[in-house]
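Listed below, chain by chain, are the residues.
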Amino acid sequence: MTNVSWKGLDVICFALPQLKFFTIRGFGRESIENVKVKFDTPNLLSLTWFDHLPEEFIVDSFPCLVEAGIRYNFAEGHTKSRYHSLYEFVQKVSHVNHLMVSHTYFRPKILDDSSVLPRSYHTFSNLVSFEVDVIYYGQIGLLFNIILQFSPNLASLIFHQLFWFHRLHEDVLPFNIVPQCLLLSLKSIEFRKFYGSPKEMEVVKLFLESARVLQTITLGSSSHHLEHLNKKKPTAEEVEDANDIILEQLQTFSWASADCSVKFLSP
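Nothing here was measured: the structure is a model prediction, and the numbers come from that model.

Draft legend 1. Representation of the nonpolar core within the structure. Core analysis: the largest hydrophobic core is formed by 66 residues, its most contacted members being Trp49, Tyr105, Phe106, Phe130, Leu148 and Phe207. The dominant element in this core, judged by the number of residues it contributes, is helix 4 (residues 198-210), at six residues.

Okay, here's the thing in structure tokens:
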């Protein structure tokens, strides 16, 4: 479902017992956060929600749900109720095997108010794959504290892109305990867009030094970065040289896993 208008609605119910896959994105903004959405979809396997969240999801559970994705937009302002809706949504799908969220889950500005912080975090016991569309350098500590720490069986971690603020001093928050998944289960990490910046390298270093059973780190090709810098499409040789420079830097770090290898995505 795309470009749905909620104008004039108070409650909408999806009563589809045989439904397996549900995707909704691109809503109009009319009163979306004042609508209650009810799901009666006991056989749903995949749920994707890309836009503002409604006031309330009325659902006991998604017993068969395997994967869920949410990209939530806080562009119109951070409020306690909006973050609460996001937190509640993730709680309802915390049993899935594959979960994708946006960076807003880690640090909407409203979290500066300690009264909004949850008293406890979800446990993602079944989670084997976690994906985030973008994440800011300063949110990596929260990723460790509220996702990795509570995902004991996580095997795959995917970042679409890492951002950072040029004007602000950001630090990766230290963690006192290495999450169990980094010691026993995390085997693959992927950065789909990767430019080799100092902040990106520091994040890769953090995982290399901590993930003991890591088998593969996959990095986005340098071609996009080179094209942006040089205003022209790079040659295959230029891309290979840039990738080699990144690999040389990575080899100066301590690697917790002797079996780990680095791969670069094709341009």
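Draft legend 2. Structural context of a negative patch on the surface. A surface patch of like charges, here negative, comprises Glu237, Glu238, Glu240, Asp241, Asp244 and Glu248. When you line up the elements, Glu238 lands in helix 6 (residues 236-250). For Glu238, a relative accessible area of 33% gives the class partly exposed.

Draft legend 3. Just the packing of aromatic side chains, in detail. For the structure shown, the criterion picks out nine aromatic pairs. With centroids separated by 4.8 Å and ring planes inclined at 20°, the aromatic side chains of Phe159 and Phe191 adopt a geometry described as stacked. One end of the pair, Phe159, is in strand 10 (residues 156-159); the other, Phe191, is in strand 12 (residues 188-191), and 32 residues separate them in sequence. Comparing Phe159 with Phe191, the two get one shared label, buried.

Draft legend 4. Inspection of helix 6 at higher detail. Over its 15 residues, helix 6 extends 21 Å from the first C-alpha to the last, a length consistent with the 21 Å expected when each residue adds 1.5 Å. Among the residues of helix 6, those classed as buried are Val239, Ala242, Asn243, Ile246 and Leu250. Angularly, the buried residues of helix 6 cover 100° about the axis, an arc narrow enough to put them on a single face. Facing away from the buried side of helix 6 by more than 90 degrees, the exposed set consists of Glu237, Glu240 and Glu248.

About the criteria used
Residues numbered from 1 in each chain as written. Predicted model: local features only at pLDDT ≥ 70, side-chain atom pairs only at ≥ 80, totals over all residues. Heavy atoms only, no water. Core = buried A, V, L, I, M, F, W, Y, C linked by side-chain atoms within 4.5 Å. Buried < 20%, exposed > 50% of the residue type's maximum accessible area, 1.4 Å probe, protein only. Helix = DSSP H or I, 4+ residues; strand = E, 2+ residues; numbered from the N terminus. Patch = residues over 30% accessible without salt bridge, like charges linked within 9 Å, V, L, I, M, F, W, Y side chains within 5 Å. Areas by Shrake-Rupley, 256 points an atom, 1.4 Å probe, with all protein chains shown as cover. Salt bridge = Lys/Arg side-chain N within 4 Å of Asp/Glu carboxyl O. Lys, Arg positive; Asp, Glu negative; His and termini not counted. Charge placed at Lys NZ, Arg CZ, Asp CG, Glu CD. Phe/Tyr/Trp six-rings, centres within 6.5 Å; stacked < 30°, edge-to-face > 60°. Expected span 1.5 Å × (residues − 1). Arc of directions from axis to C-beta.

From the geometry alone we can't say anything about function, so treat these as descriptive.
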